[in-house]
Amino acid sequence: MGQALYRKHRPKALNEVVGQEHITKTLSQALKQGRISHAYLLTGPRGVGKTSIARILAHEINGLPYDDDSVHIDIIEIDAASNRRIDEIRELREKVYVAPAQAKYKVYIIDEVHMLTREAFNALLKTLEEPPEHAVFILATTDAHKLPETIISRTQRYSFKPVDKDAVADHLADIAKQEKINISPEALELLAEHGEGSFRDSISMLDQVSGQGSAVELADVQRQLGLPPAEAIDQLLESLASGSQASMLMQALGQLYDQGYPPAAIAKQLGQTLRSQLAAGDLKLERQPALALLSRLINVPSSPEPASLLEIILLSGLPAEAPPPAPQPGSKKLEEEPAAKTEPKPTPKAKKNETAIKSKSNLPLNEDLWPQVLTALKQKHNTLYGVARMAQPRLVEGSLRLTFAFAFHQKRFNEANNRQLLLDTITDLTGQTINIDCVVDSSAEATPSDKPAAKKPAAISAISNIFGGGELLES
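This text gives an overview of the structure that appears in the document. Since the model is a prediction, treat every value here as computed from it, not as a measurement. (Residues numbered from 1 in each chain as written. Predicted model: local features only at pLDDT ≥ 70, side-chain atom pairs only at ≥ 80, totals over all residues. Heavy atoms only, no water.)

### With respect to the overall build of the protein
Within the protein, the regular secondary structure consists of 23 helices and eight strands. Counting all 475 residues of the protein, 46% fall into the buried class. Restricting to contacts in the protein with at least 6 residues of sequence separation, those with at least 24 account for 75%. (Helix = DSSP H or I, 4+ residues; strand = E, 2+ residues; numbered from the N terminus. Buried < 20%, exposed > 50% of the residue type's maximum accessible area, 1.4 Å probe, protein only. Contact = heavy atoms within 4.5 Å.)

Put into structure tokens, the structure is as follows:
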């Protein structure tokens, strides 16, 4: 079994550590002068070299050679996540006073030290207050704010920083050259960016994509990481910038879903693209809408319904759409629905349907109910509101029919929990119940039903669907 690249290329000396020169230079100078502290605290994000420097420092303090397989009886590593109880620290306190077997110093490396219990911290504090001359502690943590101040004050603290993206890309290029991995500079830059300042994560991803056996290009890395293509992200932003119809925006989003890209990945790529455009002064959107969109996209990955939240965010970025043009004489729609479009009064069938609904559920027959339903959903179930507003409602055979332009909206609304939430909302408003039927019609308008539209002629308004904005009943 081959060795993982991040282990194979782990630094073996302080001068081999990349991106933390402010720390390695200080430690190297102190070692040359023979200034050894009894306790060091290494803090910073994961994958930036804390554990590597802790091991190198432990060996250099004792003048011992170091490689990744080095094991020495007087260098003890403790994982605080697994040994966090007071019993383990009490055992450490008992053994720390025993002189080192071979080396000059007995060095304890405690990784993820913030995981210790309060009792364990108190026991460790007593050891740090009066350590034996031969003992050195190296504490490492990603969450320094969780450490008691009494512990921090008794250590020399070194704060690590995320490694610069260019430095990571250059280091990846060196590793790729040594390992004879054929990979493009653009692909390396994406790996460095996706690693978010972590050497370990970036090198692990390089190891992963190198297994395909051929030259690694940008598109290969995007597929491996599950990242949407840049062209698709640009298309979404272009749709927002140009004020395209909601149907076009949702179609582009639906295509990304169909290709297997999760909403969290789409939101992350949108956010990264916006940040890059902001930094380069090349925004496709106006500055304030872009900043508002960027701040909202951050919430998508942590949302319990990321797909719905992403759709709401993107649709909210579109301006109100103008109503569709009126059908011309002789068009198919006019020929199919002449009575519904020309009669000034409700047709007999419409009256029959309305009577059936009223006798069954006593729902108020006015145009205010559906907007009231949307308002109630927005206040209590904002994610469901984002889906409901994409429906075109009407009354059909004693039921409320919700017509969606896209199958993924209909599917989400057909989920038992969402359907029940709508039923409960209508019941709360009216005191009655009603049957709900969700259907898909690709020819239906994809305009949110609560967006302002042009005022209808008085005759048509009189026979408009009681829920506001839906299709008229056919005769």
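### Focus: unusual backbone geometry
Positive phi, normally seen in glycine, also occurs at K180, with a value near 60 degrees. Tracing the backbone through its elements, the reader meets K180 in the loop between helix 7 (165–178) and helix 8 (185–194). One non-glycine residue, E196, adopts positive backbone phi at about 55 degrees. In this fold, E196 is placed in the loop between helix 8 and helix 9 (199–209).

### Re a negative patch on the surface
A cluster of acidic residues, D164, D166, D170, D174, E186, E189 and E217, forms a negative patch at the surface. Secondary-structure elements contributing two or more residues to the negative patch are helix 7 and helix 8. With three residues, helix 7 is the single largest residue contributor to the negative patch. The residue D174 is located in helix 7 in this model. D174 gets classed as partly exposed once you look at its relative accessible area, which sits at 43%. (Patch = residues over 30% accessible without salt bridge, like charges linked within 9 Å, V, L, I, M, F, W, Y side chains within 5 Å. Areas by Shrake-Rupley, 256 points an atom, 1.4 Å probe, with all protein chains shown as cover. Salt bridge = Lys/Arg side-chain N within 4 Å of Asp/Glu carboxyl O. Lys, Arg positive; Asp, Glu negative; His and termini not counted. Charge placed at Lys NZ, Arg CZ, Asp CG, Glu CD.)

### Brief notes about the sheet that holds strand 4 (residues 135–141)
One open sheet accounts for five strands, arranged 2-3-4-1-5; its pairing is parallel. Two strands lie at the open edges of the sheet, namely strand 2 (75–79) and strand 5 (156–159), each paired on one side alone. Sheet twist, expressed as the average angle between the axes of neighbouring strands with direction ignored, equals 15 degrees. Bridge count between strand 1 (residues 39–43) and strand 4: five bridges; the pairing is parallel. Pairing of L42 across the sheet is with A140, part of strand 4. (Pairing = 2+ DSSP bridges. Axes fitted to C-alpha atoms, helices over the stretch in contact; angles between N-to-C directions.)

### Topic: the environment of I313
Inspection of the secondary structure assignment puts I313 in helix 15 (residues 306–316). Overall, I313 belongs to the buried group, its relative accessible area being 3%. For the pair formed by I313 and L294, sequence separation is 19 residues and the distance between their alpha carbons is 9.9 Å.

Purely spatial values, then, with no claim about function.
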